[in-house]
Amino acid sequence: MNFISDVSNSMLSEFILFITIFILSVISMFYNLKFHKLSKWIALIGVSFSLFSLKFLQLEPIFYAFKESVISDTFTVFIKAVILITAFIIILLSKKNVTKRNHKTFQFYTLLLSAVLSSLFVVSANDFLTLTVSLEMLSFCTYFLIAYKKGYLSKEASFKYIVTNSFATATYLFGVSYLYGITSSLNFGTINDYFLQHEPTVFYTISILLISVGLLFKLAILPFSNWILDVYEGSATSVSAFISTIPKIAVLAIFARLLVFIFGYSFVLPLILIFLSVITAVWANALAIRQRNILRLLACSSSANVSYMLFALSLVSVYNLSTVLFYLLTYIFMNLGAFSAVIILENSNYSSKLYEFKGFAYSNPLFTLAFAVCMFGLAGFPITSGFIAKLYFFSAIIRSGAIFIPPLIIMALTMAIACYYYTKVVKLMFERNGISENEILPHRASSPTVILYACAAITVLVGIVPVGLIEVCKFIAYNL
Amino acid sequence: MDLKVLVFAPLIFSLIFLLPIFSGRSILIRRIAKTLAGIHFLYSLMFLVFFDNSQTYNYPTELTFMGQKWFGSLGISLSMGLDGISLLFVLLTSFLIFIACLASKGAVNSKHSLYYALIFILETALLGVFSSTDMFEFFMYWEMELIPMYFLISLWGSGNAKKSAMKFLLYTFIGSLFMLCGFLMLYNFNFISTSQLTADISSLKFDYDNAPMYLQIVTSILILIGFAVKLPIVPLHSWLPSAHVDAPTPVSMLLAGVLLKMGAYGIMRFNIQMLSDAFLILVPYIAILAFINVVYAAILAYYQVDIKKIVAYSSISSMGLVLLGLCSSNSIGICGAVILMLAHGIISAGLFFVVGIIHKRTGTRQLVLLSGIASVMPRLAGFTLILVLASIGVPLLMSFPGEFLIFFGALISSLTNNYLIQVVALSSIIILVLAACYLMKLMHGVFYQELSEQYLKLKDVTVNEFIVLFTLSLIVIVFGILPMSIIDIISPYINVIVEAFGG
């Protein structure tokens, strides 16, 4: 009875997603090739039901389930909704991109949904055991997803990810064991209570630094970010779209929770996080200048954007949290827009090299416009949501204190570099293609096309009328 | 009389040009663009007619979304209004866009609909910069102007256009990021001292009981960097010659005519009016920079071989004088700076247009290859002479009252105790000689020497070009004779700006 009430109050969406995965894996035993279209529909329906079920979760007061190892409040429900919407879009994006290369789509969707499921668990974790298990599950699903594409590159990328991630996980577990040794508990609430009564020692600082390593790896912050370029290039594009969004949302959300509840007793950690995010921004943006492949460029861009969010996040306050949420939401849509453009190109037999974009302004003006909106949004030009996000980010940092202005100025310079390479991509589309005109991309409403236009429209709309979204973000941040 | 209509009408025009019915019909597109720009200019003149210089803001208006402000809770809104200074710049923008549309005939030969759409998007951004009364709205338009300008230079430019366009974009973007930091500090400290979240330009204050002086100076410098790139002040100027030279003629006219004025306008609004205490400390350094600007750019202009580069460097030099006028921080000097800005907007647009005509006819812009074309193009030579004399600062032409008031204002300035500004002003008077040197060299080299054989069959100005040159020259002469008509409009507002310095 207790179990059922726990599930229905906090884990309903995960439960529905689990059933969907189960159905998918059972069906895949019987119909391997014939009904591959069916798998997409099952996955979509599962995600939509799971999204819908968020409505029935208990928000007030905060609900703790399974002996306080899982938490359900406004913040988790909001992040779960964002993750599920993103998952819905990625499933739509991945149809042709996957089936073209490999007919075993049931497995693909099973893996993808498992990864989404584990991200949901990461978000609602209230206990280091839950967090560890769900992070590991996320990593395992990601290994297979990366290696899913045929060819040598994806295998290499997957292996690189496995090796570096094992290191990060081991470090993380080491940190958790320290913390357990100090407080003899794994529960976030109990640990927080312990440090309210006891003075934190140097071992506390060491342990939270080690735990942060595991999380920073997922976010691709500098010392732990060497995997990101190869993984983005090597894996299937829809998988790259997945890696650039869902794990980052989940890990940023749990990082926010940890920073608020457990990591807040040390002044060393925020300083180190700021330092790392600044050097990551410099590194990622400088690396992006020389990239000749749009996927590698987007990899750098995602690393840079996450570093901005981490900067704002490390100075914990309600205002900064709402900034991070707003930045995250706008970033997701611009990023998915850019990825859907790449997927449209790949579906029409273009490669992901940058020079393929030449001349698109003349053969596909609408595509160019939508893609340019996403790119200018990432660069942070006005009338896109990226501009508002940038404005909000700067105001949050300056509000935190005048001492953060020097790192902010370095960040500002890296944003200028970012402006250079995003504009370069848009400029390429206006260059005449020397050999011949590009073929016109299919204009029928295939799902990546619709998503590209929708993302561009959202980017512009939020850029013009940001009020509603800002209020939502403030409300959510206030509730953490 | 709705300011919203004035600012956003060009944005709607630009959407019209992207309709598919226009594809390939270049003449129709140009005619429609000219007509729309003309109507827009006439409409903006109506704002002058009903202007009342006793109010703080004329025609105040605010854009709301279903009753909501832009960033409701943060006190940031899309509110607009005109005072005397911004009204004149709005008129200048609208007029120069019209002139640029006229001048585009022959200068732009491909992708017409995209070109005019970008020009009109640019117009909205420029009008927005001059008419916004909210700091962040100002910044939004400031950034919004970059994208159309980048594409206008890069797609229709000649020579090394792509590189120059990227240089322009990066310089301005980096500058504006510094400016954004400064704006946010201003916003934040205003919040700390008045506990009111607002970004309204007229009510923002940097109250320095609550914040130390050095923070105000840092804020002032950060904001100044953004404006200094645009103005340009000398160490940050190197985007300007390349962008001006590689841009197509109408775009160079707009760059020199309007975009450079945004920097000085911003310094006036933010550095002088809001951060007056910090400006008082920074003034000696800015004055020295202004002097370097004036002399260094003039010397560089003298040694250029490309006539478009001469005009481009002369712009930098004039902007140095404007900066000197702003440094004097009394109503006379700032009044002179505003007049010189307007005059320079008209004159440099005209000079770039002349250079465009010469380049189109002869196929070269090298000073050594051109000579004696006055005998085949007498009308062009006449108009050029008016513009060149005006640029040098000959009395009864438009920039003379500006330069005179700037020097006068600087000489009676009482800002610093050690007469630094007076010394700078007196040394800057050398510009009158230097400007005469390089502009007369241009005039003499291009128009008055022996005519070489290859230029015998050049045609004089066409009707279209005649209209452009005649209009510009007429304005130069009329306002040279009647500068009081400008001063009457702006003087109440300039008194508000210099209030903190005791007039």
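Calculation rules
Residues numbered from 1 in each chain as written. Chains lettered and ligands numbered in written order. Predicted model: local features only at pLDDT ≥ 70, side-chain atom pairs only at ≥ 80, totals over all residues. Heavy atoms only, no water. Helix = DSSP H or I, 4+ residues; strand = E, 2+ residues; numbered from the N terminus. Rg over C-alpha atoms; globule rule 2.2 N^0.38 Å. Buried < 20%, exposed > 50% of the residue type's maximum accessible area, 1.4 Å probe, protein only. Contact = heavy atoms within 4.5 Å. Salt bridge = Lys/Arg side-chain N within 4 Å of Asp/Glu carboxyl O. Buried area = accessible area lost by both parts, 1.4 Å probe. Polar contact = N/O pair within 3.5 Å; in protein donor to acceptor, adjacent residues only side chain to side chain. Nonpolar A, V, L, I, M, F, W, Y, C, P; charged D, E, K, R; others polar. pLDDT = per-residue confidence, 0-100. Lys, Arg positive; Asp, Glu negative; His and termini not counted. Disulfide = S-S within 2.5 Å. Phe/Tyr/Trp six-rings, centres within 6.5 Å; stacked < 30°, edge-to-face > 60°. Lys NZ or Arg CZ within 6 Å of the ring centre and 35° of its normal.

## A closer look at the overall build of chain A
- Within chain A, the secondary structure is distributed over 20 helices and 2 strands.
- For chain A, the C-alpha radius of gyration of 22 Å lies close to 23 Å, the compact-globule estimate for 480 residues.
- Relative to its 480 residues, chain A shows a buried fraction of 64%.
- In chain A, 81% of the contacts between residues at least 6 apart in sequence involve partners at least 24 apart.

## Re the pattern of salt bridges
- With the rule as written, the count across this model stands at 13 salt bridges over all chains.
- Residue Glu 145 of chain B pairs with Lys 230 of chain B through a salt bridge whose shortest N-O separation is 3.0 Å. Taken together, the positions of Glu 145 of chain B in the loop between α5 (135-144) and α6 (146-156) and Lys 230 of chain B in helix α8 (residues 213-230) put the pair 85 residues apart, joining distant regions of the chain.
- The structure contains a network of salt bridges with shared partners spanning Lys 160, Asp 230, Glu 233 and Arg 296 of chain A.

## As for the interface of chain A and chain B
- Listed by partner, the interface residues are 41 residues for chain A and 38 residues for chain B.
- For the pair chain A and chain B, the summed buried area comes to about 3,400 Å², and 83% of that belongs to carbon and sulfur atoms.
- At the junction of chain A and chain B, the tally comes to 1 salt bridge.
- In this structure, Glu 143 of chain B engages Lys 390 of chain A in a salt bridge whose closest nitrogen and oxygen atoms are separated by 3.5 Å.
- The interface formed by chain A and chain B holds 2 residue pairs in polar contact (both at pLDDT 80 or more) in total.
- Residues that form the side of chain A that touches chain B fall into these classes: 30 nonpolar, 4 polar and 7 charged.

## Here we look at the confidence of the model for chain B
- Across chain B, the average pLDDT comes to 89, with 98% of residues at 70 or higher.
- Per-element confidence in chain B ranges from a low mean pLDDT of 86 for strand β1 (residues 58-63) of chain B to a high of 94 for helix α3 (residues 84-103) of chain B.

## Some details on the side chain of Asp 127 of chain A
All names here are of chain A.
- Here Asp 127 shows up in the loop between α5 (105-124) and α6 (128-146).
- Lys 67 provides the closest opposite charge to the buried, unpaired Asp 127, separated from it by 11 Å.
- Separated by 2.6 Å, the side chain of Asp 127 and the backbone nitrogen of Leu 129 make a polar contact.
- A polar atom in the side chain of Asp 127 sits 3.3 Å from the backbone nitrogen of Thr 130.
- Not counting residues within four places of it along the chain, the set of residues in contact with Asp 127 comprises Glu 68, Ser 69, Leu 186, Asn 187 and Phe 188.

## Describing the state of the cysteines
- Scanning the entire structure with this criterion turns up 0 disulfides over all chains.
- Looking at Cys 374 of chain A, it has no disulfide partner, and the nearest cysteine sulfur is the one in Cys 455 of chain A, 6.0 Å off.
- Left without a disulfide partner, Cys 335 of chain B is nearest to the cysteine sulfur of Cys 327 of chain B, which lies 17 Å away.
- The class of Cys 335 of chain B is buried, set by a relative accessible area of 6%.

## Quick word on the packing of aromatic side chains
- The final tally for this structure, using the stated rule, is 63 aromatic pairs over all chains.
- Aromatic side chains Tyr 115 of chain B and Trp 156 of chain B sit 5.3 Å apart centroid to centroid with 70 degrees between the ring planes, which places their arrangement in the edge-to-face category. Here the residue Tyr 115 of chain B occupies a position in helix α4 (residues 112-131), and Trp 156 of chain B occupies one in helix α6, the gap between them amounting to 41 residues.
- Under the relative-accessibility criterion, Tyr 115 of chain B is labelled buried at 0%.
- A residue is classified by how much of its surface remains accessible, and Trp 156 of chain B, at 10% relative accessible area, is buried.
- Between Phe 138 of chain B and Phe 270 of chain B, the aromatic rings sit 5.2 Å apart at their centres with planes inclined by 55 degrees, giving tilted as the arrangement. One end of the pair, Phe 138 of chain B, is in helix α5; the other, Phe 270 of chain B, is in helix α10 (residues 249-274), and 132 residues separate them in sequence. Comparing Phe 138 of chain B with Phe 270 of chain B shows no difference in burial state: the two are buried.
- Connected via pairs of aromatic rings, a cluster forms that spans Phe 387 of chain A together with Phe 138, Phe 139, Trp 142, Phe 183, Phe 227 and Phe 270 of chain B.
- One cation-aromatic arrangement involves Lys 40 of chain A over Trp 41 of chain A; the distance from NZ or CZ to the ring centre is 4.9 Å.
- The ring centre of Phe 191 of chain B lies 5.3 Å from the NZ or CZ of Arg 399 of chain A, which sits over that ring.

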